Amino acid sequence: MEIFGLTIDASVIWIGIAILFAIVEAVTLGLLTIWFTIGAVCAAVVVWLGGGTVLQIIVFFVVSVVLLYFTKPLAEKKLKIGKVKTNVDALAGELGVVVKAIEPFSTGQVKAAGQIWTALAEQPDQTVAENTRVRILRVEGVKLIVVPEGAPEQESGLSQ
């Protein structure tokens, strides 16, 4: 292939494209361009095997799209890319103590993990008395969704 009067082997161009995609991947860490890097390397292999330009382009796009479609979800799941786990995520399943009663169709307050949170009962018409131990089911926005764990707690370190 001739570019600006220089004869350049097509495999060099494909390797250059692969390097460019690899640099973009290293900078962004988005797990997107790595598949195009692999596609470009496969296209370079097609050049070395004597394949024409159309075949090189087809191999590049097919390999890139197939890898992107089938392996990106698996890689994201395995590497947990795009999911930043916070301390709030760890609250689900934990215990807390009601410090302000949760009234029907209203909020109360629960102390969990050393902090006071606005809380709702899982059953909206339920009352949860002060000093009751509750299990946190989930966090919705900035509110804990809780269910009573058992009998009300006596004044203890949990309710302070």
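All figures in this text were calculated on a predicted structure; none of them were measured in a lab.

## A few points about the pattern of salt bridges
Applying the stated criterion across every chain, the model contains two salt bridges. A salt bridge links E149 to R135, with the nearest nitrogen and oxygen atoms 3.1 Å apart. Taken together, the positions of E149 in strand β7 (residues 143–152) and R135 in strand β6 (residues 132–140) put the pair 14 residues apart, joining distant regions of the chain. Its relative accessible area of 29% is what places R135 among the partly exposed residues. Here R138 and E140 are joined by a salt bridge, their closest N and O atoms 2.7 Å apart. The class for R138 is partly exposed, based on a relative accessible area of 35%.

## Let's talk about the pairing of strand β3 (residues 95–100)
When a strand is regular, its side chains alternate between the sheet's two faces. In this sheet, β6 lies alongside β3 in antiparallel orientation, the contact comprising three bridges. Residue V97 lies in a different strand from β6, and its bridge partner there is R133.

## Things to note about the environment of D125
Mapped onto the fold, D125 is located in the loop between β5 (115–121) and β6. Residue D125 is classed as exposed on the basis of its relative accessible area, which comes to 51%. Residues D125 and I102 lie 23 residues apart in sequence; the distance between their C-alpha atoms is 9.8 Å. Discounting chain neighbours no more than four positions away, the residues touching D125 are P104 and F105.

## Points about unusual backbone geometry
Leave glycine aside and you will find that most residues have negative phi; peptide bonds, for their part, are mostly trans. In the Ramachandran plot, A113 falls in the positive-phi region, its phi being about 55° despite a non-glycine side chain. Within the secondary structure, A113 is located in the loop between β4 (108–112) and β5. Assessed through its relative accessible area of 68%, A113 is described here as exposed. One non-glycine residue, N131, lies in positive phi territory at about 70°. With respect to the helices and strands, the residue N131 is situated in the loop between β5 and β6.

Cut-offs and rules
- Residues numbered from 1 in each chain as written.
- Predicted model: local features only at pLDDT ≥ 70, side-chain atom pairs only at ≥ 80, totals over all residues.
- Heavy atoms only, no water.
- Salt bridge = Lys/Arg side-chain N within 4 Å of Asp/Glu carboxyl O.
- Helix = DSSP H or I, 4+ residues; strand = E, 2+ residues; numbered from the N terminus.
- Buried < 20%, exposed > 50% of the residue type's maximum accessible area, 1.4 Å probe, protein only.
- Pairing = 2+ DSSP bridges.
- Contact = heavy atoms within 4.5 Å.

Honestly, that's just the spatial picture; any functional story needs more than this.
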